[in-house]
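Survey of secondary and tertiary structure
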Amino acid sequence: MRRPWGVSAPALLVLCVAAAPPLAARDDQILMLGNLAGSQTLVQSSGATRAEYSFNDRGRGAHIVATWKLDAAGVPIEYHGSGNDYIKAPVSETFRFVGGKASWRNRAEQGDKALSGAAFYVPVNGPPEMLGVLARALLKAPQHRLALLPAGEATIETVGSLPGQAASTGAGSLTQYQISGLDLSPTRVWLAPDGETAAIAASWFSVLAPSAAGLLPRLLAAQDEANEAWSAGLASSQTVVLAAEVIIRAARLFDPRDLTVTPGTSILIRRERIVRVGPDAELSAPAGAQVIDAHGQFVMPGLWDNHQHFDDNVGALDIANGVTSARDMGNDTDGFLKRVARFDAGTELGPRVWKSGLIDGTGDYAGPTKMRISTAAEAIQDVDWYADHGYGQIKIYSSVPPPIVPLIAAEAHARGLRVSGHVPAFMNAQQFVADGADEIQHLNFIVLDFLFDQVKETRNMNRFTAVAAHAREFTPDKPQVRDFIAYLARHHTVLDPTVNVFETLFCGDQTAVTPGLEQIAPRMPAQVRRGMLSGALSVPKGEEAAYREALPAMLRLLKALYDAGVTIIPGTDSFAGYGLHHELELYARAGIPPAEVLRLATLTSAQVIGANGQRGVIAPGKLADLILVDGDPSAQIADIDKLVMVMKGGRIYDPARIEQALGSAPRNPI
């Protein structure tokens with residue numbers, strides 16, 4: 001996930017943008033899925049720029065006040081930022097370049113470096129305007145390339161002008177640039193003709209200067225075109241189309257139906273369907289068939305991630321980690337549908353996607369969706385829109401008024417859609433299920449059911465902090481806990497627990513690498529690595545033990561739910577692909593046997609949405625969505641990371657090559 005912040009010839013870059021003019025003051029809008037969420041104000045005086053940046057996202061959101069000075073090349077020589085980050089943890093960040101030496105300090109980093117050339121310090125918690133500052137510095141730099149501090153390198157290219165803007169406004173057109181080196185795919189920024197930052201646009205989070213006011217749909221359309229071209233190039237370079245017939249030989253086949261692992265197995269595939277499965281000696285390769293020798297490696301159905309929000313890179317990271325099916329649990333209603341179509345066509349790397357449509361209420365805590373309702377009629381209209389556009393599920397969010405929940409559920413069920421969600425504020429999980437919910441997102445809402453007498457407002461940080469403080473109090477042997485688990489089992493309620501999210505939030509160290517990614521982070525590009533810190537909750541004084549014991553308590557609760565027969569489906573809501581592998585490891589840590597964890601991530605997930613006729617098992621007639629693993633994750637769940645091949649939709653992918661193409665070091669060197 002990103003931070004909230006044909007290619008022209010290099011000579012054109014110099015002509016497009018001069019140094020930005022002095023700013024008296026500029027007020028930018030911050031939008032989340034088109035809804036106003038905050039602002040950024042810039043003031044420049046005496047050679048320094050001051051930015052104040054803040055936004056509200058369901059009670060979370062950064063508030064940063066930063067000042068900086070630039071040298072003649074537009075590179076920072078001083079920077080100071082303070083305030084709070086997205087989850088309200090304090091921020092203090094400084095950088096200075098004096099006498100040929102750069103020094104920096106922030107919550108997670110402290111260092112210095114003697115420099116012989118220009119280098120641009122990228123703040124960890126900087127205001128969005130710093131992306132525009134970097135763009136202008138790159139345009140001035142030799143070959144449009146700059147070293148980054150603490151590490152890395154960035155380059156910039158011109159994408160093109162906003163089509164039709166000059167003609168429609170009588171003003172000069174905005175220009176789109178793409179910066180490489182900050183993320184796994186290009187980072188896009190729009191500059192005005194005078195060099196001023198005009199927009200940083202994305203479907204989820206956008207910053208618009210006055211020069212870009214009202215232009216967001218057109219900016220996104222232009223970016224989508226550029227992103228599609230980039231993604232198509234990646235897909236083309238990383239895809240091997242299967243021969244008409246393929247046979248995999250000498251595999252150790254995992255069957256999630258009975259948890260067996262059968263060595264010496266062959267799998268005959270015709271286009272994207274499995275034709276036969278049997279012992280090597282009983283299956284001969286048809287004439288002209290492509291033969292894949294598994295050399296005794298482990299073959300299993302492709303994995304499912306049941307909680308994602310698709311954006312740039314997510315689909316590619318899924319395929320690189322063996323995720324061939326996924327559920328999107330809330331997204332925009334425009335670009336997302338086009339992205340799913342590209343996944344299906346093979347022009348962008350990504351899994352098969354089950355679409356869940358998000359509906360929320362209104363107010364300061366409303367979630368990132370255009371589907372915000374205050375009446376039953378509006379809610380029913382939104383349900384019908386999702387049903388008419390091929391969605392299979394409605395996700396109810398935290399600000400939906402409780403009296404409207406049963407009406408949403410009834411309409412969704414009448415249209416053949418499943419119903420899930422966050423438990424809305426001012427109702428508990430049992431009421432949510434009684435009103436028609438088939439599924440609950442996030443394990444914290446189970447714990448909050450036990451705290452309902454104390455915590456009814458769950459749209460804010462309470463839904464995390466109250467759970468951290470009290471989870472250890474609700475042991476599976478307590479009657480209240482036992483009774484509610486039995487209630488969920490009787491109602492066949494599905495749970496999408498996203499345990500990894502709470503491990504991260506409750507780990508107590510904001511400067512640590514996100515738990516589970518310790519072996520992944522060193523392989524990532526330098527600037528991506530900086531964004532992989534936990535960002536954990538600040539632990540209140542006196543609650544250290546409670547926070548430390550919260551995750552073990554939630555794992556015990558998860559195991560009790562599983563043992564009682566509550567259906568659990570793995571999902572991440574975090575770093576795509578790699579996060580799923582760790583989610584599965586957490587289930588095994590909770591005491592669920594590894595082979596049973598694999599069943600949850602394959603067959604059970606398919607059964608929940610009714611896709612088990614096509615997916616979830618390697619058997620004749622099923623889709624040949626499968627993965628090859630150099631290990632045995634049915635015995636040691638961590639082996640799931642030892643992927644060597646992914647097959648989906650009649651195409652083969654090499655995980656190591658995808659990782660390398662994205663700029664990270666591959667797990668298995670090529």
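As shown above, the structure is provided for reference.
All values derive from a computational prediction rather than experimental measurement.

1. Re the overall build of the protein
- Scanning the protein for helices and strands turns up 18 helices and 32 strands.
- In terms of principal-axis extent, the alpha carbons of the protein reach across some 75 × 65 × 50 Å.
- A burial count over the protein gives 58% of its 670 residues as buried.
- Carbon together with sulfur atoms contributes 52% to the accessible area of the protein, which is approximately 24600 Å² in total.
- Charge separation in the protein, taken as the distance between the mean sites of 59 positive and 70 negative side-chain charges, equals 2 Å.

2. Focus on the nonpolar core
- The biggest cluster of nonpolar side chains holds 116 residues, and the ones touching the most others in it are I440 and L443.
- The dominant element in this core, judged by the number of residues it contributes, is helix α15 (residues 544-563), at 11 residues.
- Leaving out residues up to four positions away in the same chain, L443 has contacts with L495, D496, P497, V499, F502, M554, L557, L558 and L561.
- Of all hydrophobic cores here, the second largest spans 46 residues; its members include A37, F55, L148 and L191.

3. Here's the deal with the side chain of T197
- Relative to the elements of secondary structure, T197 occurs in strand β14 (residues 197-200).
- Polar contacts involving the side chain of T197 include one to the side chain of E129, which spans 3.1 Å.
- A distance of 2.9 Å separates a polar atom in the side chain of T197 from a polar atom in the side chain of R136.
- Those residues within four positions of T197 in sequence are excluded, and the remaining contacts are R26, E129, G132, R136, V189, W190, L191 and A209.

4. Comments concerning the environment of S54
- Considering the arrangement of structural elements, one finds S54 in strand β3 (residues 48-55).
- With a relative accessible area of 26%, S54 lands in the partly exposed category.
- Each C-alpha atom of the pair S54 and G83 lies 9.5 Å from the other, and the pair is 29 residues apart in sequence.
- Not counting residues up to four positions away in its chain, the partners in contact with S54 are I30, A37, G38, S39, A62 and H63.

5. Thoughts on the packing of aromatic side chains
- As enumerated under the stated definition, the model contains 17 aromatic pairs in all.
- Aromatic side chains F310 and F343 sit 5.5 Å apart centroid to centroid with 70 degrees between the ring planes, which places their arrangement in the edge-to-face category. Here F343 lies in helix α6 (residues 335-345) and F310 lies in the loop between β22 (303-308) and α5 (314-320), a separation of 33 residues in the sequence.
- Since its relative accessible area comes to 3%, F310 is described here as buried.
- A residue is classified by how much of its surface remains accessible, and F343, at 2% relative accessible area, is buried.
- Ring pairs connect the aromatic residues Y53, F55, Y86 and F205, which therefore count as one cluster.

6. Thoughts on the sheet that holds strand β29 (residues 567-568)
- The parallel open sheet is built from 3 strands, whose spatial order is β27-β28-β29. The open sheet is flanked by β27 (439-441) and β29, the only strands paired with a single partner.
- Sheet topology note: the strand β28 (residues 494-496)/β29 ladder contains 2 bridges and is parallel. Looking at β29, one finds that V494 is bridged to T567.

7. Side note on the packing of helix α16 (residues 578-589) against helix α17 (residues 594-608)
- Close contact between α16 and α17 brings their axes to 9 Å; oriented N to C, the two are set at 140 degrees. If you check the angle between α16 and α17, you find them oblique. Taken as a pair, α16 and α17 cross one another with a handedness that is right-handed. Contacts between α16 and α17 involve L584, Y587 and A588 from the first element and V597, L600 and A601 from the second.

8. What to know about unusual backbone geometry
- The linkage connecting L149 with the following residue, P150, adopts the cis geometry, with an omega of 5 degrees.
- With respect to the element layout, P150 can be found in the loop between β10 (145-149) and β11 (153-161).
- One non-glycine residue, L259, adopts positive backbone phi at about 65 degrees.
- Within the element layout of this structure, L259 appears in the loop between β17 (245-255) and β18 (260-270).
- Assessed through its relative accessible area of 23%, L259 is described here as partly exposed.

9. Points about the pattern of salt bridges
- Evaluation of the coordinates by the stated rule reveals 32 salt bridges.
- A salt bridge links E439 to R327, with the shortest nitrogen-to-oxygen separation between them at 2.5 Å. Pair noted here: E439 is in strand β27 and R327 is in strand β23 (residues 323-328), with a separation of 112 residues, a long-range link. Of the two residues examined, E439 and R327, each falls in the buried class.

10. Describing helix α2 (residues 129-140)
- End to end, α2 covers 17 Å across 12 residues, agreeing with the expected 16 Å (1.5 Å per residue, within 8%).
- Among the 12 residues in α2, 11 count as buried, and that is most of the element.
- Along α2, the residues classified as buried are E129, M130, L131, G132, V133, L134, A135, R136, A137, L138 and L139.

Criteria and thresholds
- Residues numbered from 1 in each chain as written.
- Predicted model: local features only at pLDDT ≥ 70, side-chain atom pairs only at ≥ 80, totals over all residues.
- Heavy atoms only, no water.
- Helix = DSSP H or I, 4+ residues; strand = E, 2+ residues; numbered from the N terminus.
- Buried < 20%, exposed > 50% of the residue type's maximum accessible area, 1.4 Å probe, protein only.
- Areas by Shrake-Rupley, 256 points an atom, 1.4 Å probe, with all protein chains shown as cover.
- Lys, Arg positive; Asp, Glu negative; His and termini not counted.
- Charge placed at Lys NZ, Arg CZ, Asp CG, Glu CD.
- Core = buried A, V, L, I, M, F, W, Y, C linked by side-chain atoms within 4.5 Å.
- Contact = heavy atoms within 4.5 Å.
- Polar contact = N/O pair within 3.5 Å; in protein donor to acceptor, adjacent residues only side chain to side chain.
- Phe/Tyr/Trp six-rings, centres within 6.5 Å; stacked < 30°, edge-to-face > 60°.
- Pairing = 2+ DSSP bridges.
- Axes fitted to C-alpha atoms, helices over the stretch in contact; angles between N-to-C directions.
- Parallel < 35°, antiparallel > 145°, perpendicular 65-115°, else oblique.
- Left-handed = near helix turned anticlockwise from the far one by under 90°.
- Salt bridge = Lys/Arg side-chain N within 4 Å of Asp/Glu carboxyl O.
- Expected span 1.5 Å × (residues − 1).

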